[in-house]
Amino acid sequence: MAKSKRWSHKVTTVSTAPPPGTFTKDARSIARVMASKKVSPKGIGSGIRMIQFFINRAGKGLPAARRRELEKAKQILRKKLKK
């Protein structure tokens, strides 16, 4: 029996749990939500990883405009992390 390639749909986590629809907003809103202690109790780095996981999981089906917005959100969070 072949091993399933789609392992990511089984991933669940309690450390980073963004509310539904978070990744459909603008970059500043995404960054604000992902930086909050309620969503990312382990810190901003956890929020950045969750955004990257979302990008990876969406794959080729993610529109270029949405990918750019998510990348902007990651950059905003990285700037906050450096402060």
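Keep in mind that what you see is a predicted model, and the values were worked out from it rather than measured. (Residues numbered from 1 in each chain as written. Predicted model: local features only at pLDDT ≥ 70, side-chain atom pairs only at ≥ 80, totals over all residues. Heavy atoms only, no water.)

Q: Whenever I open this one, helix 2 (residues 44-58) confuses me. Can you help?
A: Given 3.6 residues per helical turn, the α-helix brings residues three or four places apart onto the same face. In this model helix 2 runs 21 Å from its N-terminal to its C-terminal C-alpha over 15 residues, within 8% of the 21 Å that 1.5 Å per residue would give. Of all the positions in helix 2, only Ile-44, Gly-45, Ser-46, Gly-47, Ile-48, Met-50, Ile-51 and Ile-55 are classed as buried. Against helix 1 (27-35) and helix 3 (64-82) lie the buried residues of helix 2. Within two residues after helix 2, Gly-59 carries a phi angle of roughly 65 degrees, on the positive side. (Helix = DSSP H or I, 4+ residues; strand = E, 2+ residues; numbered from the N terminus. Expected span 1.5 Å × (residues − 1). Buried < 20%, exposed > 50% of the residue type's maximum accessible area, 1.4 Å probe, protein only. Contact = heavy atoms within 4.5 Å.)

Q: What is the right way to look at the packing of helix 1 against helix 3 in this model?
A: The angle between the axes and the distance between the axes are what describe a pair of packed helices. It is the contact of helix 1 with helix 3, at a shortest axis distance of 8 Å, that shows an interaxial angle of 50 degrees. Taken as axis vectors, helix 1 and helix 3 run oblique relative to one another. Where helix 1 crosses over helix 3, the handedness of that crossing is right-handed. Facing Ala-27, Arg-28, Ile-30, Ala-31, Met-34 and Ala-35 of helix 1, the residues of helix 3 in contact are Arg-66, Glu-69, Leu-70, Lys-72, Ala-73, Ile-76, Leu-77 and Lys-80. (Axes fitted to C-alpha atoms, helices over the stretch in contact; angles between N-to-C directions. Parallel < 35°, antiparallel > 145°, perpendicular 65-115°, else oblique. Left-handed = near helix turned anticlockwise from the far one by under 90°.)

Q: For this particular structure, what's the right way to read the nonpolar core?
A: In a soluble, globular protein the nonpolar side chains are often hidden away together inside. Judged by nonpolar contacts, the single largest core of 16 residues is most densely connected at Phe-23, Ile-30, Met-34, Ile-51, Leu-70 and Leu-77. Secondary-structure elements contributing two or more residues to this core are helix 1, helix 2 and helix 3. Beyond its immediate sequence surroundings of up to four residues, Leu-70 is in contact with Phe-23, Ile-30, Ile-51, Phe-54, Ile-55 and Leu-62. (Core = buried A, V, L, I, M, F, W, Y, C linked by side-chain atoms within 4.5 Å.)

Q: I'm lost on the side chain of Glu-69 in this one. Help?
A: Looking at where Glu-69 falls in the secondary structure, it is placed in helix 3. When its relative accessible area of 18% is taken as the criterion, Glu-69 is described as buried.

Q: What is the right way to look at the pattern of salt bridges in this model?
A: Any two side chains of opposite charge can pair, given that their charged atoms come close. A full pass over the atoms with the stated rule returns 2 salt bridges. Glu-69 is the partner of Lys-72 in a salt bridge, and the nearest nitrogen-oxygen pair spans 3.8 Å. Of this pair, Lys-72 and Glu-69 both sit in helix 3, 3 residues apart, which is roughly one turn of the helix. By relative accessible area, Lys-72 is classed as partly exposed at 46%. Among the ionic pairs, Lys-74 bridges to Glu-71, the shortest N-O distance being 3.3 Å. Of this pair, Lys-74 and Glu-71 both sit in helix 3, separated by 3 residues, roughly a single helical turn. With a relative accessible area of 4%, Lys-74 lands in the buried category. (Salt bridge = Lys/Arg side-chain N within 4 Å of Asp/Glu carboxyl O.)

Note that every value here comes from positions in space, so none of it alone points to a role or purpose.
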